[in-house]
Amino acid sequence: MKFVRSVLVFALALCPAICSAQNASVTRDGSVTIVSQPDPNASLTGVEITIDAGLDRQQLSQNGLAALAAQTILETPIDNERLLDAVSSSGGSINFRIESHEVRFYVEALSADAPTVLTLFSHALSAPDFSAATVHAAREALYAKIAAQQGEPLDVGIQMLDLAVADGANSGSPPLGNPASLIQYSPSDVAAFYRAYYRRGNELISAVGRVDAVGERGLLALANTLPAGSTRAIETRVIPLRAQGQQLVARRAISSPWLVVDYAAPPFNSNDYGPMLVLSAFLQRTLGDIAEVPGTITPTLASQAVGAEYEFDTAPAKLTLYVDGGIGDAGQSFGAALSVVKLLGTTKIQGSIDQFKRIAEGDFGERASTLQEQAWLAGLFVQRTGSPAYLSATLRAIDATTPADLQRVAHRYLGNPTIALVLPRTSN
Amino acid sequence: VTVRALLAMASCIALAFPLCASALPEQQSGTLPHGGTFIVASDLTAPTAAIDLWFRAPDAGYEGTMPGIARVAAASAAATKLEIGSSLAQMVTAAGGQLTISVYPDLVSVGIVVPPQAARRILAAATSAYFAPAIDAAALTDGEKDTMVQVLQQQYEADVLAQNALFEKLFVSAPGDQPPVPMTPTDVSRITLTDVQAFATRAFRSGNAFLTMAGAVDSAMLDAVTDGTAQSPDRPIDETTASSIPETSTEQADVAGAGIAWIGPPVSDERAATALDFIADYLFGDDGTAARAVQQQDPHVFLRGQFITLHDPGVMLVMLDGATSDGPQESVLAAVRAMQQPLAQPAFDAAREAFLYHINQQTQTPGEQADMLGWYAAEGAPNYAPGGSDYDRIARSLDPDYVAAVARRYLSRPAVVRIVEAAQSQTGSSI
């Protein structure tokens, strides 16, 4: 297949005094896309590979199977050492995330070790070990991850809400499954899932940092690890919540109650992306100010116990607000934030919103500081917009936001929350 | 094609590229207009700019009698209204940035991360706030309040309590034996405006500063530094260690945990310090052998361990948050004892490569880079910052026998503090 290559250089128009440019190139080889963000200043090479083998490839009865397949790859022995350890011994790391549609593996290594580490990963990716022992090890690893998540009230709340608001019943299921579902899958189930969905159709590889260490050939070799072919999502219907007030309650072994609230939000290729980033910054600041000890200069635990997260990559996108009831008064904090939200949607905003725009810029810049986030953002933007210029596009969207935009977005999206309460078990 | 053959091919590809990059971008360094040192590690493609100010200053004041004064002074300076009518803290917030103040026994640091377009303005404000401190009563009130919250918070942080208790055992005088954030609100409230002004004027002078910048910054920005008085820097502060350290003691608090510490080499012994960094990574990193053992023993215990590179001496410190029995601590001590024997060469090579990756991985963001540069410059070893080429070279020179020898020399006599929840304890002193 013929290569189609376009090299793009994106200037950051909003910080002319200091920023130079985000260099990125996009290469397409049939159904595979390769995004490359070389950074000669980096010492590491990071590569994210995105495969259409996420939650929506699972039947409703296969909760956790996508994660088990991915974890099995990480546990696959290579020369008597599981991939995770082999990568670590070679000067790198590997992890994965299960998303609604995809699984994303992220491999990072010292640049000198990157070719070796990618070769190790390619080998495990192309021929995972589906022996009973390896699948058992993968299952045990997932149990440990799930147990850790269940001790994090925010994760518990978000997973409850995902189930309620996702596009499909399977795509909103817990990314790692749960112990009761995982125990049912035999090695052949895992192998069948892998054979069905680990295809290179629609595959995306996003490389960042010292990309020269692996070169275009190395990335292409990785891209061609999987067999050709593409797959389709399994459609499942979400059963609508019938309760009058959409409140979900769970009890876990935690020390204090948490309130987690989801609002619908625009996807990042919408005109409302910039205003929602600013609105999210505004809500984060408002919640923080309400919770914070007045007059403090540096962030305290009180302001870190509340937050607003705009998840623009999920399907559907959402804005999540959360309050830790163990620090301060969750009801008061959240009540005040809701009042502000209501006011925003109905009252004309007076004065400048510049400060919130700067906060949104700062938050995004901080988020985009690690190689893994940069690889993810570039890949995401290419998938949805065709361009890897996440930084300039985002800064432009924030800068263009007007008070009227903010009000419109508040009015459009912040009307109908779904609320999750994560409460301590009475037996704690 | 076998995996070995594939790996051999990969190695050949690797050899074709000049890949000995360090995590820290190329640095420019020099003297600030009114004295003090600057180090700039510029990466203009970074999405943020990090500006750090580091000062050599004792946490409990120059007489060692005022716990918390360094923290209060640093916070008060950040809260002081500058000529333009806003404080540094307000300016950083308005710019969409973050400001953190960290105090160690011998150092004070002010860390700022902002969007690139605000960097020059914030640099001017930060150097004005600290190099020409004009702390008034209102700023002191804010500085005290900020510190007071830290005092209250740390009552629930077992690792902080254990570290404070361990340092008090290891060192016989200030600043080492004093907690960087005082243990009681009274310590904070008795600090006067005069005390703070005198401390800030002496500690935060330009000549005593190490300005480190990383990310979307440029040395041309340094023309924004206009304040300061030209004086030579203070010498790095050394600690006096206790002649005998009681092996184990118990303290009461609102949370449970344990801490273990060993006296290590000074920063000037760079190879030994690096060996202890390696040991800390091998044992206490996320997937470290001791960390795994503790996790298997009790998944509710959170282990954190590191070698703290101080001017003289350094400290190997291990914290076991949530430990309510001796088991986790025994696991750690057993793992440390095992390091006194050399690792097999293949295992050592793998661990060293993993260690080098972790060092680079932890020095990725502008904030992390500015922190690393600032700490090591203030401790008197600016070229030895992890992520730099010197550190990389020393780490690659380590071998199993040397690491085992360092473990035998420095990790034989641990000091242990058990933090027991007050309700469970019958004896022991209260923190």
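Here the structure is a predicted model, which means the values were calculated and not measured.

The rules behind each value
- Residues numbered from 1 in each chain as written.
- Chains lettered and ligands numbered in written order.
- Predicted model: local features only at pLDDT ≥ 70, side-chain atom pairs only at ≥ 80, totals over all residues.
- Heavy atoms only, no water.
- Helix = DSSP H or I, 4+ residues; strand = E, 2+ residues; numbered from the N terminus.
- Buried < 20%, exposed > 50% of the residue type's maximum accessible area, 1.4 Å probe, protein only.
- Contact = heavy atoms within 4.5 Å.
- Areas by Shrake-Rupley, 256 points an atom, 1.4 Å probe, with all protein chains shown as cover.
- Lys, Arg positive; Asp, Glu negative; His and termini not counted.
- Charge placed at Lys NZ, Arg CZ, Asp CG, Glu CD.
- Core = buried A, V, L, I, M, F, W, Y, C linked by side-chain atoms within 4.5 Å.
- Patch = residues over 30% accessible without salt bridge, like charges linked within 9 Å, V, L, I, M, F, W, Y side chains within 5 Å.
- Salt bridge = Lys/Arg side-chain N within 4 Å of Asp/Glu carboxyl O.
- Pairing = 2+ DSSP bridges.
- Buried area = accessible area lost by both parts, 1.4 Å probe.
- pLDDT = per-residue confidence, 0-100.
- Phe/Tyr/Trp six-rings, centres within 6.5 Å; stacked < 30°, edge-to-face > 60°.
- Axes fitted to C-alpha atoms, helices over the stretch in contact; angles between N-to-C directions.

Brief notes about the overall build of chain A
When you go through chain A residue by residue, the secondary structure sums to 15 helices and 14 strands. Each principal axis of the C-alpha distribution contributes one length, and for chain A these read about 60 × 60 × 40 Å. Put simply, chain A has 428 residues, and 58% of those count as buried. Sequence separation of at least 24 residues holds for 78% of the intrachain contacts in chain A that already meet a minimum separation of 6. By element, 53% of the accessible surface of chain A is carried by carbon and sulfur atoms, the whole surface being about 16,600 Å². Counting 31 positive and 40 negative side-chain charges, chain A places the averaged centre of each group 7 Å from the other.

A short note on the nonpolar core
Residues and elements named next belong to chain B. Membership of the largest hydrophobic core comes to 90 residues, with the highest contact counts inside it found for Phe278, Ile279, Phe284 and Val332. Among the elements that take part in this core, helix α9 (residues 270–284) stands out by supplying nine residues, more than any other. Sequence-distant contacts of Phe284, that is, excluding residues within four places in its chain, are made with Ile279, Ala290, Ala291, Leu303, Gly305, Gln306, Met316, Val318, Val332 and Val336. Ala74, Ala89, Val92 and Val225 belong to the second-largest nonpolar core, a separate cluster that totals 61 residues.

A few points about a negative patch on the surface
There is a patch of like negative charges on the surface, built from Glu309(A), Asp363(A), Glu366(A), Glu368(B) and Asp371(B). For Glu366(A), the location among the structural elements is in helix α12 (residues 354–367). Its relative accessible area of 33% is what places Glu366(A) among the partly exposed residues.

Digging into the pairing of strand β12 (residues 306–311) of chain A
All names here are of chain A. Taking burial as the measure, the six residues of β12 include five buried ones, the bulk of the element. Sheet analysis places β12 next to strand β13 (residues 318–324), joined by six bridges and oriented antiparallel. Bridge pairing in β13 links Glu311 to Lys318. Here β12 hands over to β13 after six residues, the two strands then running antiparallel side by side.

Notes on the interface of chain B and chain A
Opposite the 63 residues of chain B that make contact, chain A presents 59 residues. Buried area between chain B and chain A, both sides added, is near 4,600 Å², and the carbon and sulfur share of it is 59%. Where chain B meets chain A, there are zero salt bridges. Contributions of two or more residues to the side of chain B that touches chain A are made by α1 (3–15), α2 (69–79), α3 (88–94), β4 (98–103), α5 (137–154) and α12 (345–361) of chain B. A total of eight residues in the side of chain B that touches chain A trace back to one element, the largest contributor, which is α1(B).

Remarks on the confidence of the model for chain A
The share of residues in chain A with pLDDT of 70 or more is 91%, and the mean pLDDT across the chain is 87. Overall, residues 1–21 of chain A carries pLDDT values under 50, and its contacts beyond four positions in sequence, including any with other chains, amount to 58 contacts.

Re the packing of aromatic side chains
Taken as a whole and assessed by the stated rule, the structure comprises 33 aromatic pairs over all chains. Each ring, one from Tyr273(A) and one from Phe381(A), has its centre 6.4 Å from the other, and the planes form 65 degrees; the classification is edge-to-face. You can see Tyr273(A) sitting in helix α9 (residues 273–291) and its partner Phe381(A) sitting in helix α13 (residues 371–385), a full 108 residues away along the chain. Phe381(A) carries the same exposure label as Tyr273(A), and that label is buried. Where Phe278(B) meets Phe348(B), the ring centres are 5.0 Å apart and the plane angle is 50 degrees; that geometry is what we call tilted. Here Phe278(B) is found in helix α9, whereas its partner Phe348(B) is found in helix α12, with 70 residues between them in sequence. Since its relative accessible area comes to 0%, Phe348(B) is described here as buried. In textbook terms, an aromatic cluster arises when at least three aromatic residues are bridged by ring pairs, as seen for Phe268(A), Tyr273(A), Tyr310(A), Phe312(A), Trp376(A), Phe381(A) and Tyr390(A).

A look at the side chain of Ser36(A)
Tracing the sequence through the fold places Ser36(A) in strand β3 (residues 32–38). Once residues lying within four places of it in the same chain are set aside, the contact partners of Ser36(A) are Asn23(A), Ala24(A), Ser25(A), Ala207(A) and Val211(A).

As for helix α1 (residues 65–75) of chain A
Across the 11 residues of α1(A), 11 count as buried, placing the element largely inside the fold. Listed in full, the buried residues belonging to α1(A) are Leu65(A), Ala66(A), Ala67(A), Leu68(A), Ala69(A), Ala70(A), Gln71(A), Thr72(A), Ile73(A), Leu74(A) and Glu75(A).

Side note on the sheet that holds β4(B)
Residues and elements named next belong to chain B. The strand order across the open sheet formed by six strands is β1-β2-β6-β3-β5-β4, and the pairing between neighbours is mixed. Of all strands in the sheet, those with a lone pairing partner are β1 (27–31) and β4, marking the two edges. On average, each strand axis in the sheet is tilted by 15 degrees relative to the strand beside it, whichever way the strands run. By the bridge criterion, six bridges tie strand β2 (residues 37–42) to strand β6 (residues 209–215) in an arrangement that is parallel. By the bridge assignment, Ile39 is partnered in β6 with Thr212. The strands touched by α2 within the sheet are β4 and β5 (107–114), with β4 carrying the most contacts at an inclination of about 160 degrees. Relative to the sheet, helix α4 (residues 119–131) contacts β3 (49–56), β4, β5 and β6, its axis offset from that of β3 by approximately 15 degrees.

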